[in-house]
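Close look at the chain arrangement
Here is what each chain is made of, one letter per residue.
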Amino acid sequence: ELEIGYALIRLVDAKQGGDLLQRITMIRRQIALELGIVVPSIRIRDNVRLGPNDYAIKIKGVQVARGAVYPDQYLAMDSGTATGKIGGEPTTEPAFGLPAVWIPPGRKEQAEMMNYTVVDASSVLATHLTEIIKTHAAELFSRQDLNHLLDTVKEKSPALVEEITGGALKAGDIQKILQGLLEERVPIRDMETILETLSDWAGRTQDLEVLHEYVRNALARTICAQYRDDQGKIRCITFDPALEDTINRHIERSERGSYLTLPPALATRIVQAVAQELQKLTSVGYPPVLLCSAQIRMSLRRLLVPSIPNIVVLAYNEIVKDTHIESLGMVVVEL
C-alpha cells in the first residue's frame, strides 16, 4: 500500500500529467521478469495525516518505509563523478541512501553538465517502491503464489511436481526455501531447476538450510549473471583463510539448523572489518559482494546482514567457469 500527502496526488492523476500508476504497472511487470514472482496489486490512497510532500509504503498494514518528494523540483544525485557543488535543498536519496539535492527546473541542465544524475519526483518514488518490494519479496511470497508456480511447472513437467509434492517435502518447506532465495534476491524464475534439485537431495537431508545451499549451487549461473560486469568480471572482497577457519569452528550444527557461537567482541570486529573493506567496492560503484567458502556462507551472511543489509555473500562453488573474479580487498582480523 502507498499512502501519499495531498501535494503528491498530481503524480497519480493522469489528467494532471501524473504517470505514477503507469510506473507501478511497469514495476510489477519488471519484478515478475527479474525475480519470478507476481507482486500483489498496490493500493494507493491519500492520507491527510502525512505532510503534503510525504509518502509512506506499507506491507500488510505496517509502515516499512517513508520519504518525501517535490513534484515541482528535480533530485540531483552525485554518483561520485560530479564536478562541483550545485545549490539546492540537501537531502538523501531514499532508495539507496545517496547524498542528493532538490533543485528547481532551471538548474536541471547545469546539474547534468556537472555529471549529476537528475530525476523527477515520480521516478524517485517509483525507484524507492521498487527497492522496498525487492527487499520484502520473501514476505510477499505466499502459499497461494507457490501453488500458482507449481501449477505452471505441472503443465510442462507433471511427474516432477508429483515427485516433490508427493512426500519428499511439505509445501511449507518449499515455500521457506523459495523465500530464503528471494531474501537474497535470487530469482526463482527457473522453477524446474529448483524443484529438480530439491527432488534430488530431499531424500538425503531434510535440513532446509542445506537444501537452500544446494539450490543456490544449481542456480550459480543466474546468481553470477546478477553481479558480473560487461567483461564477465565480479569485483568482490575475500576472507582471510585463517578467519574462515575460526568462523567455521564456531558454527554449531543441529537438527534445527546452524547457529554461530562467535564471542561478541570478535563478531563485532568482523562486521566492522567487512564494512571497511566493502567501501573499496561501493565507493567506485560496484555491488557490495563478499566471496567466502561454502561452509560458512549462510552463517556469515546472518552475522553481517543486520549491520550491512545490502551485502551479497557468494560462495566459491557458486562461481561458474566463464566468470572472472577480481578481489579488491581481503577481510583480516587479528585473532
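Scroll up a little and you will see the structure.
Conventions we followed
By convention here, each chain's residues receive numbers from 1 onward along its written sequence. Owing to the predicted nature of the model, reporting of local features is limited to residues with pLDDT of at least 70; listing and counting of side-chain atom pairs is limited to 80 or more, with chain, interface and lining totals taken over all residues. No hydrogens and no water enter the side-chain calculation; it runs on all heavy atoms of the structure. Relative accessibility decides the category of a residue: with a 1.4 Å probe and only protein chains considered, values under 20% of the type maximum give buried, values over 50% give exposed, and everything between is partly exposed. Under the DSSP-based scheme used, a helix requires at least four consecutive residues in state H or I and a strand at least two consecutive residues in state E, with every element numbered from the N terminus. Here the arc refers to the directions that run from the helix axis out to each C-beta atom. Helix axes are fitted to C-alpha atoms over the stretch in contact, other axes to C-alpha atoms as well, and angles between N-to-C directions run from 0 to 180 degrees. The labels follow the angle: roughly parallel below 35 degrees, roughly antiparallel above 145, roughly perpendicular from 65 to 115, and oblique for the rest. Take the far helix as the reference: if the near one is turned anticlockwise from it by less than a right angle, the crossing is left-handed, and if turned clockwise, right-handed. Residue contacts are counted whenever heavy atoms from the two residues lie within 4.5 Å of one another. By the convention adopted, Pro, Cys, Tyr, Trp, Phe, Met, Ile, Leu, Val and Ala count as nonpolar, Lys, Arg, Asp and Glu as charged, and the other residues, Gly among them, as polar. Two rings from Phe, Tyr or Trp (for Trp, the six-membered ring) form a pair when their centres are within 6.5 Å of each other. A pair whose planes differ by under 30 degrees is stacked, one over 60 is edge-to-face, and the rest are tilted. Put simply, buried Ala, Val, Leu, Ile, Met, Phe, Trp, Tyr and Cys residues joined by side-chain atoms within 4.5 Å make one nonpolar core. In short, DSSP must find at least two bridges between two strands for them to pair.

Considered for burial, the residues of helix α12 (residues 241–249) that qualify are L243, E244, T246 and I247. The arc enclosing the buried residues of α12, seen along the axis, measures out at 160°, which places them on a common side. Across α12 from its buried face, at more than 90 degrees, point the exposed residues P241 and R249.

Another aspect to go through is the packing of helix α7 (residues 158–168) against helix α9 (residues 191–202). Working note: a packed helix pair is described by the angle between its axes plus the distance between those axes. Remark: α7 packs on α9, axes separated minimally by 10 Å, with the N-to-C direction vectors making an angle of 45°. Classified by the interaxial angle, the pair formed by α7 and α9 is oblique. Once α7 is placed against α9, the crossing between them reads as left-handed. For the pair α7 and α9, the contacting residues are L160, V161, E163, I164 and A168 in the first and E192, L195, E196, L198, S199 and A202 in the second. In terms of residue class, the contact of α7 with α9 is built from seven nonpolar, one polar and three charged.

Okay, the packing of aromatic side chains next. According to the stated counting rule, one finds two aromatic pairs in the structure shown. Between Y70 and W102, the ring centres sit 5.3 Å apart and the planes meet at 80°, which makes this aromatic pair edge-to-face. Taken together, the positions of Y70 in the loop between β4 (62–68) and β5 (74–77) and W102 in strand β7 (residues 99–103) put the pair 32 residues apart, joining distant regions of the chain. Here Y70 falls in the partly exposed class, since its relative accessible area comes to 31%. Measuring from ring centre to ring centre gives 3.9 Å for W201 and Y214, while their planes differ by 10°; the resulting arrangement is stacked.

Turning next to the environment of P187. With respect to the helices, strands and loops of the structure, P187 is situated in the loop between α8 (171–183) and α9. Exposure remark for P187: the relative accessible area of 6% places this residue in the buried category. Along the primary structure P187 and A32 are separated by 155 residues, whereas in three dimensions their C-alpha atoms are 9.4 Å apart. Not counting residues up to four positions away in its chain, the partners in contact with P187 are E34, L35, L219, T222 and Q226.

Judged by nonpolar contacts, the single largest core of 67 residues is most densely connected at V69, L178, I188, I194, L198 and L314. If you tally residues by element for this core, the top one is helix α4 (residues 121–135), at seven residues. For V69, the residues in contact, after removing those within four places along its chain, are L8, L11, N53, Y55, W102, A121, V124 and L125. Counting residues in each nonpolar core, the second largest holds 25 residues, with A267, A273, L300 and I311 among its members.

This part is about the side chain of R301. With respect to the helices, strands and loops of the structure, R301 is situated in helix α14 (residues 297–304). For R301, the contacting residues outside a window of four places in its chain are E183, E184 and V313.

Hydrogen bonds between backbone atoms are what pair the strands of a sheet, whose relative direction is either parallel or antiparallel. Taken in spatial order, the four strands make up an open sheet running β2-β1-β3-β4, and their pairing is mixed. At either margin of the open sheet sits one strand with a lone partner, and together these are β2 (44–46) and β4. Each adjacent strand pair in this sheet contributes to an overall mean axis angle of 25°, direction not counted. Relative to β2, strand β1 (residues 2–4) runs parallel, the two sharing three bridges. By the bridge assignment for β2, L2 is matched with I44. Contacting β1, β3 (54–59) and β4, α4 crosses the sheet at an angle of about 20° to β3.

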